[in-house]
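The primary structure of each chain is shown beneath.
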Amino acid sequence: MRARVGVLISGSGSNLQALMDAAAAGAPFDIVQVISNKPDAYGLTRAEAAGAPALAIDHRAFGQDRKAFEAELNAALRRADVEWVALAGFMRVLTRDFVEAWSGRLVNIHPSLLPLFAGLHTHARALAAGVAVHGCSVHHVVEGVDEGPIIGQAAVPVLPDDTAATLAARVNRAELRLYPAALAYAVTGVAPALTQDAESLIALRQP
Ligand code: GRF
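Residues numbered from 1 in each chain as written. Predicted model: local features only at pLDDT ≥ 70, side-chain atom pairs only at ≥ 80, totals over all residues. Heavy atoms only, no water.

### Observations regarding the overall build of the protein
Item 1. When you go through the protein residue by residue, the secondary structure sums to six helices and eight strands.
Item 2. Counting from the amino terminus, helix and strand elements in the protein follow one another as β-α-β-α-β-α-β-α-β-α-β-β-α-β.
Item 3. For 207 residues, the compact-globule formula gives about 17 Å, and the C-alpha radius of gyration of the protein, at 16 Å, lands near that figure.
Item 4. Across its three principal directions, the C-alpha atoms of the protein cover 45 × 40 × 35 Å.
Item 5. Counting across all 207 residues of the protein, residues that qualify as buried make up 47%.
Item 6. Pairs at least 24 residues apart make up 59% of the contacts formed inside the protein by residues separated by at least 6 positions.
Item 7. Just so you have it, the protein exposes about 9700 Å², and 56% of that area is on carbon and sulfur atoms.
Item 8. Computed over 17 positive and 20 negative side-chain charges, the separation of the two mean positions in the protein equals 1 Å. (Helix = DSSP H or I, 4+ residues; strand = E, 2+ residues; numbered from the N terminus. Rg over C-alpha atoms; globule rule 2.2 N^0.38 Å. Buried < 20%, exposed > 50% of the residue type's maximum accessible area, 1.4 Å probe, protein only. Contact = heavy atoms within 4.5 Å. Areas by Shrake-Rupley, 256 points an atom, 1.4 Å probe, with all protein chains shown as cover. Lys, Arg positive; Asp, Glu negative; His and termini not counted. Charge placed at Lys NZ, Arg CZ, Asp CG, Glu CD.)

### A few points about the packing of helix H1 (residues 14-24) against helix H6 (residues 164-188)
Item 1. At a minimum axis distance of 9 Å, the contact between H1 and H6 shows a crossing angle of 45°. Of the possible angle classes, the one that applies to H1 and H6 is oblique. Relative to H6, the crossing made by H1 is right-handed. Residue-level inspection shows Ser14, Asn15, Ala18, Leu19 and Ala22 of H1 in contact with H6, the latter providing Asn172, Glu175, Leu176, Tyr179, Pro180 and Leu183. (Axes fitted to C-alpha atoms, helices over the stretch in contact; angles between N-to-C directions. Parallel < 35°, antiparallel > 145°, perpendicular 65-115°, else oblique. Left-handed = near helix turned anticlockwise from the far one by under 90°.)

### Let's talk about the pairing of strand E5 (residues 106-110)
Item 1. Burial within E5 is extensive, with five of its five residues counted as buried.
Item 2. Burial along E5 is two-sided: the residues Leu106, Asn108 and His110 and Val107 and Ile109 are all buried.
Item 3. For the crossover that starts at strand E4 (residues 84-87), traverses helix H4 (residues 96-101) and ends in the parallel E5, the hand is right-handed.
Item 4. In the sheet, E5 pairs with strand E6 (residues 133-140) via four bridges, with the strands oriented antiparallel. Counted as the bridge partner of asparagine 108 is histidine 139 from E6. (Right-handed = clockwise from strand over helix to strand, strands pointing away. Pairing = 2+ DSSP bridges.)

### So, the environment of alanine 56
Item 1. Following the sequence through the fold, alanine 56 ends up in strand E3 (residues 54-56).
Item 2. The spacing of alanine 56 and isoleucine 9 is 47 residues in sequence and 9.5 Å in space, taken between C-alpha atoms.
Item 3. Sequence-distant contacts of alanine 56, defined by excluding residues within four places in its chain, comprise Ser36, Pro39 and Leu44.

### Considering the side chain of aspartate 162
Item 1. For aspartate 162, the position within the fold is in the loop between strand E7 (150-157) and H6.
Item 2. Reaching out from aspartate 162, the side chain makes a polar contact with the side chain of arginine 170 at a distance of 2.7 Å.
Item 3. Not counting residues within four places of it along the chain, the set of residues in contact with aspartate 162 comprises Leu127, Pro157, Leu167 and Arg170. (Polar contact = N/O pair within 3.5 Å; in protein donor to acceptor, adjacent residues only side chain to side chain.)

### Some points on the packing of H1 against helix H2 (residues 42-50)
Item 1. Between H1 and H2, the shortest axis-to-axis distance is 9 Å and the interhelical angle comes to 15°. Here H1 is positioned roughly parallel relative to H2, judged by the angle of their axes. Every pair of crossing elements has a handedness; the one defined by H1 and H2 is right-handed. The segment H1 lies against H2, with Ser14, Leu16, Gln17 and Met20 engaging Gly43, Arg46, Ala47 and Ala50.

### Comments concerning the site of the ligand
Item 1. Every residue lining the ligand is accounted for by Gly11, Ser12, Gly13, Ser14, Asn15, Gly89, Ile109, His110, Pro111 and Glu175.
Item 2. Asparagine 15 is positioned with one of its backbone polar atoms (N or O) 2.8 Å from an oxygen atom of the ligand.
Item 3. For the ligand, a nitrogen atom lies 3.2 Å from a polar atom in the backbone of isoleucine 109.
Item 4. Taking 370 Å² as the accessible area of the ligand by itself, protein coverage stands at 80%.
Item 5. When residues of the shell around the ligand are traced back to their parent elements, those giving at least two are H1 and E5.
Item 6. In terms of residue class, the shell around the ligand is built from two nonpolar, seven polar and one charged.
Item 7. Two domains share the shell around the ligand, each providing at least three of its residues, namely domain 1 (1-102) and domain 2 (109-207). (Near = heavy atom within 4 Å. Nonpolar A, V, L, I, M, F, W, Y, C, P; charged D, E, K, R; others polar. Domains from an automatic or database assignment.)

Here it is, written out as structure tokens:
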């Protein structure tokens, strides 16, 4: 049984693309609904190109009413019979009610080695902190932002001439390898075989 996954995005959708590519290549999940809170997100174009059902639910239409926005999200996810929700660059904080409704079936990718650098501007903060290794994490979502049990991580080196942009690009390449593997692991409970490359070290957290 392949898991039915809904992906929430706000932007470019490179992680969404990696998940759709993995699904097409036989990963144990299907992307059955893509939702963006930004109508102009390039990820919606990617979804349409891949034949994945895609829609925009503009959070601005709901003003400060997060519950009403999330009710729309939930309704769309339920209509598509979604079993798992994957956040992929989704830039809205979700309320406790939403998180609890999807508890254990809601995952996120964050561009740092959590618990370091939760929140925004992770690459600039990593450079400022002088770390030698940076990366990304896929984790279960709990109410606290960028908290929750880690499913897998990918580490990349910080190189001497790095800027936030070059470091972000290296981390993003690692994200595109990590997320499909971590999602496959989450939905099946079985860690897939990992192909390592020279640029990053990917590891899934064994129970
Ligand atoms: C990624 O770096 C992800 O970790 C973060 O937002 C970015 C989304 O990029 N949460 P994309 O839209 O998948 O290209």
